[in-house]
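# Understanding the architecture of this molecule
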Amino acid sequence: MDFPDIHSFNQIYDCIVIGAGIEGSSTAYRSAKLGYKTLLLEQFCLPHSRGSSHGPSRLIRFAHSKMRYAEMMPEMYDVWNRLEEESNTKLFQKTGLLIVGRPSNNVVAERVKVLKAMKTPYEELTHPQGLQRHLPDATFGPDAIGCIDKMALVVRADKCLKCFQDQFVAHGGILHDEEKVLEILPGTLVTVVTNKGKYRAKSVAITAGPWSSKLLNPIGLEPPIKVWRVNVCFFKERSIGTYSKWPVFIDSTDSGFVCGFPSNDYPGYMKMGYHHLWKEVDPDERDYKIHGESQVDIEFLKKYVRRHFPGLEAEPAIVETCMYTCTPTEEIIIDRHPVYSNIVYACGLSGQGFKLAPIVGKMLCEMAYGKQTSYDITPFTLKSLLARSKSKL
Ligand SMILES: Cc1cc2nc3c(=O)[nH]c(=O)nc-3n(C[C@H](O)[C@H](O)[C@H](O)COP(=O)(O)OP(=O)(O)OC[C@H]3O[C@@H](n4cnc5c(N)ncnc54)[C@H](O)[C@@H]3O)c2cc1C
């Protein structure tokens, strides 16, 4: 262990952000852009693929089941567009999103209601032929219905993360990677102890993704979050380009959601994930003992591809790993410490945190600096989540 840096301890930051995933990088970017003296600490050497924000792509969409997320989207699109302009980097591909449902579930009806209320362009598809028009080389079955969210985009995840971090530094922020936070000592000035030094700040934002409980529990916060290992599979096209021009799709099968992206991340390979939480892990042992174990999500996807995507080889050619950090209702937590209001945090992003990062960052900054939040924070607090989780049991 290095000796603590006395100069760092004498400096007082306005905010220290812990964790440089998409939530922390967006928070730090906003804080520095507002002119606050901000330090962003990341335990691993950047870039890394051990958290939840890495990889080539993520989806941004209006088609949510809950209005409170859809209502944030217009501002979200604005921030993402601004980031693209500021960094002069192409971050998006406009693809649209095809939601596939069955008469036995109300997935399509729920999304259509939200799309209509948001007055955003969409199309309802009441017959399987309608779906085939949008994804001709897939068959979703005779009872499939759907809708298209025409505003949905694929974002280049790794590039977005880097752009937030680069712009943070460009606005005067200080980024330390390879520096792990070991302890947070609350107070009017919060002390943050790392493996390399000690720092003080007027506020701290904790955005540690799958590692959140490890930092929140010692300061008395126990959000009900679980960390799940997820396999992301890439299936090879039999004829290159078959699935490159089509929308992202989310199919709500009777056994859970399958999500597929056009074959552009790695040309010739279509990305698919199955939203089925089967492998709870400690984030520091994500891949431990996994080899040789039958992987439920991969086996499911192989059968799914065989059945619905004749233009793909049914054995995944590439498998990448990521982690979801989920709450029991799969709703996100953005809150402040009930005793130390200068400690704020976001966790349990439940597989939907990438697109939300600009707003998560904005709200964390507003709370850290004692301002009114732009959106009603009540539904995102730990207290609300615990109440909703109880009523669900
Ligand atoms: C397969 C997959 C597909 C997804 N698809 C979508 C999608 O299409 N759309 C969407 O909106 N969302 C999607 N998500 C969800 C989204 O990617 C996550 O919600 C989001 O990336 C979470 O970001 P985070 O910053 O909270 O966590 P992370 O990215 O894990 O960042 C946390 C960071 O904190 C650091 N850290 C932890 N502890 C410490 C410490 N003690 N000291 C210093 N640093 C520390 C970690 O090293 C890490 O870098 C997907 C997720 C997965 C896994």
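Residues numbered from 1 in each chain as written. Predicted model: local features only at pLDDT ≥ 70, side-chain atom pairs only at ≥ 80, totals over all residues. Heavy atoms only, no water.

## Description of the site of the ligand
Taken together, the neighbourhood of the ligand is formed by 35 residues, with Glu42, His48, Ser53, Leu59 and Cys322 sitting nearest. Glutamine 43 is positioned such that a nitrogen or oxygen atom in its side chain is 2.9 Å from an oxygen atom of the ligand. Between an oxygen atom of the ligand and a main-chain N or O atom of glutamine 352, the distance comes to 3.2 Å. If the ligand stood free it would expose 1000 Å²; the protein chains cover 94% of that surface. Sorting the residues of the shell around the ligand by element identifies α2 (22-33), β3 (57-60), β17 (318-326) and α10 (353-368) as the ones contributing at least two each. Residues belonging to the shell around the ligand are distributed by class as follows: 17 nonpolar, 12 polar and six charged. (Near = heavy atom within 4 Å. Polar contact = N/O pair within 3.5 Å; in protein donor to acceptor, adjacent residues only side chain to side chain. Areas by Shrake-Rupley, 256 points an atom, 1.4 Å probe, with all protein chains shown as cover. Helix = DSSP H or I, 4+ residues; strand = E, 2+ residues; numbered from the N terminus. Nonpolar A, V, L, I, M, F, W, Y, C, P; charged D, E, K, R; others polar.)

## Some words on the nonpolar core
Judged by nonpolar contacts, the single largest core of 64 residues is most densely connected at Ile22, Met72, Trp80, Leu97, Ile334, Leu356 and Met363. Mapping this core onto the domain boundaries places at least three of its residues in each of domain 1 (6-53 + 158-222 + 329-392) and domain 2 (97-150 + 226-326). Those residues within four positions of methionine 363 in sequence are excluded, and the remaining contacts are Met72, Ile334, Thr373, Tyr375, Ile377 and Phe380. Core analysis: the second largest hydrophobic core is formed by 30 residues, Ile184, Trp211, Ile219 and Leu385 among them. (Core = buried A, V, L, I, M, F, W, Y, C linked by side-chain atoms within 4.5 Å. Buried < 20%, exposed > 50% of the residue type's maximum accessible area, 1.4 Å probe, protein only. Domains from an automatic or database assignment. Contact = heavy atoms within 4.5 Å.)

## Observations concerning the packing of α2 against helix α7 (residues 157-170)
Two elements in contact, α2 and α7, have axes separated by 8 Å at closest approach and are oriented at 30 degrees. What the angle tells us is that α2 and α7 run roughly parallel. Two packed elements cross with a definite hand, and for α2 against α7 that hand is left-handed. Two secondary-structure elements touch here, α2 through Ile22, Ser25, Ser26, Ala28, Tyr29 and Ala32 and α7 through Cys160, Leu161, Phe164, Gln165, Gln167 and Phe168. (Axes fitted to C-alpha atoms, helices over the stretch in contact; angles between N-to-C directions. Parallel < 35°, antiparallel > 145°, perpendicular 65-115°, else oblique. Left-handed = near helix turned anticlockwise from the far one by under 90°.)

## A look at the layout of surface pockets
Looking at the second largest pocket, its volume works out to about 270 Å³. Ranked by residues supplied to the lining of the second largest pocket, first place goes to helix α9 (residues 296-308) with five residues. Grouping the amino acids of the lining of the second largest pocket by side-chain chemistry returns four nonpolar, five polar and five charged. (1 Å grid on protein atoms, 1.4 Å probe; cavity = no way out; pocket = protein on both sides within 12 Å on 5 of 7 lines; lining within 4 Å. Points joined across faces, edges and corners; volume = space filled by probe spheres on them.)

## Re the domain arrangement of the protein
Each domain of the protein was delimited in the assignment, giving domain 1 (6-53 + 158-222 + 329-392) and domain 2 (97-150 + 226-326). In this assembly, 13 residues from domain 1 lie in contact with 13 residues from domain 2. Of the roughly 1100 Å² buried where domain 1 meets domain 2, counting both sides, 45% is carbon and sulfur surface. Interface area lost by domain 1 to domain 2 is led by Arg50, Pro210 and Glu330, which between them contribute 36%. Put simply, domain 1 and domain 2 have three salt bridges between them. Put simply, lysine 214 and aspartate 284 hold a salt bridge, and the shortest N to O gap is 2.9 Å. Summed over the shared surface of domain 1 and domain 2, the number is eight residue pairs in polar contact (both at pLDDT 80 or more). Classifying every residue of the side of domain 1 that touches domain 2 gives three nonpolar, seven polar and three charged. (Buried area = accessible area lost by both parts, 1.4 Å probe. Salt bridge = Lys/Arg side-chain N within 4 Å of Asp/Glu carboxyl O.)

## Looking at the pattern of salt bridges
Overall, the coordinates contain 19 salt bridges when judged by the stated rule. Ionic pairing is found between arginine 102 and aspartate 143, a salt bridge with its closest N-O pair at 3.9 Å. Taken together, the residues arginine 102 in the loop between β5 (97-101) and α5 (107-117) and aspartate 143 in the loop between α6 (128-134) and β7 (145-149) connect sequence positions 41 residues apart. According to the relative accessible area criterion, arginine 102 is buried, its value standing at 9%. Relative accessible area serves as the criterion here: at 40%, aspartate 143 is assigned to the partly exposed category. The salt bridge involving lysine 302 is made with glutamate 315; its shortest N-O contact spans 3.3 Å. Of this pair, lysine 302 sits in helix α9 while glutamate 315 sits in the loop between α9 and β17; the two residues are 13 residues apart in sequence, bridging distant segments of the chain. For lysine 302, a relative accessible area of 12% corresponds to the buried category. What you see here is one network of salt bridges that share partners, running through Arg50, Lys214, Asp282 and Asp284.

## Quick word on the sheet that holds β3
Within a sheet, each strand pairs with its neighbour through backbone hydrogen bonds, oriented either parallel or antiparallel. The strand order across the open sheet built from three strands is β3-β8-β4, with neighbouring strands paired in antiparallel fashion. Two strands close off the open sheet at either side, each with one partner strand: β3 and β4 (92-94). The sheet shows a mean angle of 25 degrees between the axes of neighbouring strands, direction not considered. Note: β4 against strand β8 (residues 153-156), three bridges, orientation antiparallel. Looking at the pairing, lysine 94 lines up with leucine 153 of β8. In the packing of helix α4 (residues 73-87) onto the sheet, the strands contacted are β3, β4 and β8, and the crossing angle to β4 comes to about 125 degrees. (Pairing = 2+ DSSP bridges.)

## A word on α9
Since there are 3.6 residues in each turn of an α-helix, residues three or four apart along the chain are aligned in direction. When the terminal C-alpha atoms of α9 are compared, their 18 Å separation across 13 residues agrees well with the 18 Å that a helix rising 1.5 Å per residue should span. By the burial criterion, the buried members of α9 are Asp297, Ile298, Leu301, Lys302, Tyr304, Val305 and His308. The buried residues of α9 all sit within an arc of 165 degrees when viewed along its axis, so they share a single face. Structural note: α9 exposes Lys303, Arg306 and Arg307 on the side pointing more than 90 degrees away from its buried face. (Expected span 1.5 Å × (residues − 1). Arc of directions from axis to C-beta.)

## Regarding the environment of threonine 38
Summarising the element assignment, threonine 38 is placed in strand β2 (residues 38-41). Separated by 166 residues in the primary sequence, threonine 38 and valine 204 have C-alpha atoms spaced 9.7 Å apart. Excluding anything up to four places from it in sequence, threonine 38 contacts Tyr13, Cys15, Val17, Ala28, Ser31, Ala32, Phe168, Gly173, Ile174 and Tyr369. Within the local environment of threonine 38, its side chain forms a polar contact with the side chain of serine 31, the two groups lying 2.7 Å apart. Looking at threonine 38, its side chain comes within polar contact range of the main-chain oxygen of tyrosine 36, at 2.9 Å.

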